[in-house]
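Working through the structure, step by step
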Amino acid sequence: MADIVIIGGGPAGLTAAVYARRAGMETVVFEGAMYGGQIVNTPEVENYPGIPKISGFDLAMSLYNQASDLGAEFVMEAVVAIERYGERDWLVRSEYSSVKAKAVIIATGANNRHLGLENEDLLLGRGISYCATCDGAFFKNKVVAVNGGGNTAVEDALYLAGIASKVYLIHRRTAFRAEQRLVERAISTENMEIVTPKTVTALHGEDRLTGITVRDAETGEESEISLDALFVAIGQVPAAAPFAGLTVQENGYIKAGEDCLTGTEGIFVAGDVRTKAVRQLTTAASDGAVAALAACEYVRLR
Ligand code: NAP
């Protein structure tokens, strides 16, 4: 039996693993996709205290190695359920295995939101992408677009401007949600065209994406843009569905305060999947520490 099972190997989950192992807890981390979570898709992280600039991938690997070197065990499987085991323990189940735990930290983060347009799934990997750092290199000297107005979209657009011949940055409002510094860089980037306030309404192409239709949010006028790729960066959807019966949720996020307590004894929550105002790498790491220390205390005192 593990003392603490952590579900999710992003910054929140891996930070929790570092703290739990340093407290001497038998710690198992389940991750269904890739260690590092969303930061793996971030080309450059420039706002993590003490590290002026690092690629999201390098930071993710460094966090993973730190937790692993401290003795955390990793299971590369997606968790499908948490069930009661006996009176006080929990059984964390994936499709293939299960681990018993005294306490559980849910740190499943969030997944990319899709546009919900016809052919979006069909054109995935054929011009539609949700990850500029993964797929950007395929579009050297091509024409691409990024859709979204947050930090991810603007960072992706800046990254792609160094690869593609032209980048359209398409956002549904004229004001960007992204940091001002990033927006200013985008505006002054020669091969970037800011397209606002426009919504993507259709994807064209059968075997590959060849273009899109955008609608002006103010006039309703539609126009077409020829493209080789569209990078969708319109935010995330929390990955809390498997824990719906076990936790109170608000708009799909697991409800908990800064103490990371879910209200269910022995179940803690950390990172982007928690109800919170600021979803940043730093706040995910902070949650990981808070949830782990609370879980350690719970395991010791129960
Ligand atoms: P986000 O901040 O939630 O931004 C999502 C963007 O997509 C918004 O501009 C939103 O428009 C737009 N959008 C949402 N649904 C849409 C739809 N159906 N159609 C068209 N546009 C849509 O998401 P994010 O950029 O992925 O960032 C997530 C969090 O991670 C944020 O807190 C962000 O600051 C953080 N982050 C930080 C860094 C960094 O600090 N280096 C890097 C990446 C992400 P509206 O603005 O109109 O709502």
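Not measured: the values here are computed from a predicted model. (Residues numbered from 1 in each chain as written. Predicted model: local features only at pLDDT ≥ 70, side-chain atom pairs only at ≥ 80, totals over all residues. Heavy atoms only, no water.)

A few words now on the overall build of the chain. Within the chain, the secondary structure is distributed over 6 helices and 19 strands. Here the C-alpha atoms of the chain give a radius of gyration of 21 Å, agreeing with the 19 Å that 2.2 N^0.38 yields for 302 residues. By its C-alpha atoms, the chain is 60 × 40 × 30 Å across when sized along the principal axes. Within the chain, the proportion of its 302 residues that are buried is 49%. Counting contacts in the chain only where the partners sit at least 6 residues apart, residues at least 24 apart contribute 59% of the total. Entry remark: accessible area of the chain is about 14,300 Å², with carbon and sulfur atoms responsible for 47%. When the 27 positive and 38 negative side-chain charges of the chain are each reduced to one mean point, those points stand 4 Å apart. (Helix = DSSP H or I, 4+ residues; strand = E, 2+ residues; numbered from the N terminus. Rg over C-alpha atoms; globule rule 2.2 N^0.38 Å. Buried < 20%, exposed > 50% of the residue type's maximum accessible area, 1.4 Å probe, protein only. Contact = heavy atoms within 4.5 Å. Areas by Shrake-Rupley, 256 points an atom, 1.4 Å probe, with all protein chains shown as cover. Lys, Arg positive; Asp, Glu negative; His and termini not counted. Charge placed at Lys NZ, Arg CZ, Asp CG, Glu CD.)

Near the ligand, the surroundings consist of 17 residues, among which Asn47, Arg173, Arg177, Arg279 and Gln280 are the closest. Contacts to the ligand include Asn151, whose side-chain N or O atom sits 2.9 Å from an oxygen atom. A total of 3 residues in the shell around the ligand trace back to one element, the largest contributor, which is helix α4 (residues 151–161). Among the residues making up the shell around the ligand, the classes are represented as 2 nonpolar, 9 polar and 6 charged. Domain assignment of the residues forming the shell around the ligand places at least three in each of domain 1 (2–111 + 236–301) and domain 2 (128–232). (Near = heavy atom within 4 Å. Polar contact = N/O pair within 3.5 Å; in protein donor to acceptor, adjacent residues only side chain to side chain. Nonpolar A, V, L, I, M, F, W, Y, C, P; charged D, E, K, R; others polar. Domains from an automatic or database assignment.)

Across its 14 residues, helix α2 (residues 56–69) extends 20 Å between first and last C-alpha, which sits within 8% of the 20 Å expected from 1.5 Å per residue. Taken residue by residue, α2 has Gly56, Leu59, Ala60, Leu63 and Ala67 as its buried positions. For α2, the arc enclosing every buried residue in end-on projection is 100°, short of the 170-degree limit, so these residues lie on one face. Buried residues in α2 make contact with α1 (11–22), β3 (73–75) and α6 (281–301). Looking one or two places after α2, you find Gly71, whose phi comes out positive at around 105°. (Expected span 1.5 Å × (residues − 1). Arc of directions from axis to C-beta.)

The subject of this paragraph is the environment of Val75. Tracing the backbone shows Val75 in strand β3. Considering only alpha carbons, one finds Val75 and Ile187, 112 residues apart in sequence, at a separation of 43 Å. Dropping the residues within four chain positions of it, Val75 is found in contact with Val28, Val29, Phe30, Glu31, Tyr35 and Ser97.

For the rest of this paragraph, the subject is the domain arrangement of the chain. With domains assigned, the chain is organised as domain 1 (2–111 + 236–301) and domain 2 (128–232). Each of domain 1 and domain 2 was reduced to a C-alpha centroid, and the two centroids are 32 Å apart. If you look at the interface, domain 1 gives 8 residues, while domain 2 gives 10 residues. In total, domain 1 and domain 2 occlude about 600 Å² of area from one another, counting both sides; carbon and sulfur atoms represent 37% of this. Of all residues in domain 1, Asn41, Pro43 and Glu46 bury the most surface against domain 2, accounting for 68% of the area lost on that side. (Buried area = accessible area lost by both parts, 1.4 Å probe.)

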